[in-house]
Amino acid sequence: MKHQATPYLTFDGNAREALEYYKEVFQGEILSIQTFGEADFPTPPEADDRIMHAQFKKDDLFIMMSDAFLGQSIETGNRISLALELESEEEIQKIYDAFSQSGSVLMELQDTFWGAKYAKVKDRFDVIWDLNYTKA
């Protein structure tokens, strides 16, 4: 394999909102957005503004996402989370605060027995994030 597996998130019509939210939380950039309406195959007009594929990046964090096809259901679950290794106490606190304001805290930000600060949060799109900062 060439690279680490890339998280690909699927939303129910609110992928653009999620992209903007992650841009704000992580201070990253949206690399590309293609809508179903821009694609080179027929789609119903009501799907034109839905995102077919988008890419987001902040340093080594790279996420791809899309909206589901019309008629496809999205099941929210807890089988997957995205683990982030952060670079400072300030960074983990900032991201934790941003997610906990509009999402929910599954595990409070705390010092751990493995020598790190850690928290588990669910953002407002029901995506679960494991935040970890390993202390020097």
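Only a predicted model underlies this, so the values are computations on that prediction, with no experimental measurement involved. (Residues numbered from 1 in each chain as written. Predicted model: local features only at pLDDT ≥ 70, side-chain atom pairs only at ≥ 80, totals over all residues. Heavy atoms only, no water.)

1. Here's the deal with the overall build of the protein chain
Move 1: For the protein chain, the helix and strand inventory stands at two helices and eight strands.
Move 2: Walking the protein chain from its N terminus toward its C terminus, one meets helices and strands in the order β-α-β-β-β-β-α-β-β-β.
Move 3: With the C-alpha coordinates of the protein chain rotated into their principal frame, the extents come out at 55 × 30 × 30 Å.
Move 4: When the 136 residues of the protein chain are sorted by exposure, 36% land in the buried category. (Helix = DSSP H or I, 4+ residues; strand = E, 2+ residues; numbered from the N terminus. Buried < 20%, exposed > 50% of the residue type's maximum accessible area, 1.4 Å probe, protein only.)

2. Section: helix 2 (residues 89-102)
Move 1: The end-to-end C-alpha distance of helix 2 is 21 Å, a good match for the 20 Å that 14 residues give at a rise of 1.5 Å each.
Move 2: Taken together, the buried positions of helix 2 are Ile92, Ile95, Tyr96, Ala98 and Phe99. The buried residues of helix 2 all sit within an arc of 160° when viewed along its axis, so they share a single face. Residues Glu90 and Gln101 are exposed on helix 2 and point more than 90 degrees away from its buried face.
Move 3: Of the surrounding elements, those touching the buried residues of helix 2 are helix 1 (15-26), strand 6 (104-111), strand 7 (116-122) and strand 8 (128-134). (Expected span 1.5 Å × (residues − 1). Arc of directions from axis to C-beta. Contact = heavy atoms within 4.5 Å.)

3. Examining helix 1
Move 1: Look at helix 1: 16 Å from first C-alpha to last across 12 residues, which is about the 16 Å you get at 1.5 Å a residue.
Move 2: Along helix 1, the positions that sit buried rather than exposed are Ala15, Ala18, Leu19, Tyr21, Tyr22, Val25 and Phe26. Seen along its axis, helix 1 keeps its buried residues to an arc of 165°; they face one direction.
Move 3: Once helix 1 ends, the next one or two residues include Gln27, with phi positive near 55°.

4. Notes on the sheet that holds strand 6
Move 1: Reading across the sheet, the four strands line up as 5-8-7-6 and stay open at both edges, with mixed pairing between neighbours. What marks the edges here is a single partner per strand, and that holds for strand 5 (82-85) and strand 6. Ignoring which end each strand starts from, the neighbouring axes of this sheet average 10° apart.
Move 2: The sheet contact formed by strand 5 and strand 8 spans four bridges and is parallel. Bridge pairing links Leu82 to Trp129 in strand 8.
Move 3: Those strands touched by helix 2 are strand 6, strand 7 and strand 8, and its axis lies near 160° from that of strand 6. (Pairing = 2+ DSSP bridges. Axes fitted to C-alpha atoms, helices over the stretch in contact; angles between N-to-C directions.)

5. A look at the packing of aromatic side chains
Any two aromatic rings considered together are summarised by their centre-to-centre distance and by the angle between their planes.
Move 1: What the rule picks out here adds up to 14 aromatic pairs.
Move 2: Between Phe26 and Phe99 the ring centres are 5.7 Å apart and the planes differ by 75°, which places this aromatic pair in the edge-to-face class. On the criterion of sequence distance, the pair formed by Phe26 in helix 1 and Phe99 in helix 2 is long-range, its members being 73 residues apart.
Move 3: A relative accessible area of 7% places Phe26 in the buried class.
Move 4: Ring geometry for Phe26 against Trp129: centres 5.3 Å apart, planes inclined by 55°, an arrangement best described as tilted. Taken as a pair, Phe26 in helix 1 and Trp129 in strand 8 lie far apart in primary sequence, 103 residues in all.
Move 5: Classification of Trp129 by relative accessible area gives buried; the value is 0%.
Move 6: An aromatic cluster is built from Phe11, Tyr21, Tyr22, Phe26, Phe56, Phe99, Phe125 and Trp129, whose rings are joined through pairwise contacts. (Phe/Tyr/Trp six-rings, centres within 6.5 Å; stacked < 30°, edge-to-face > 60°.)

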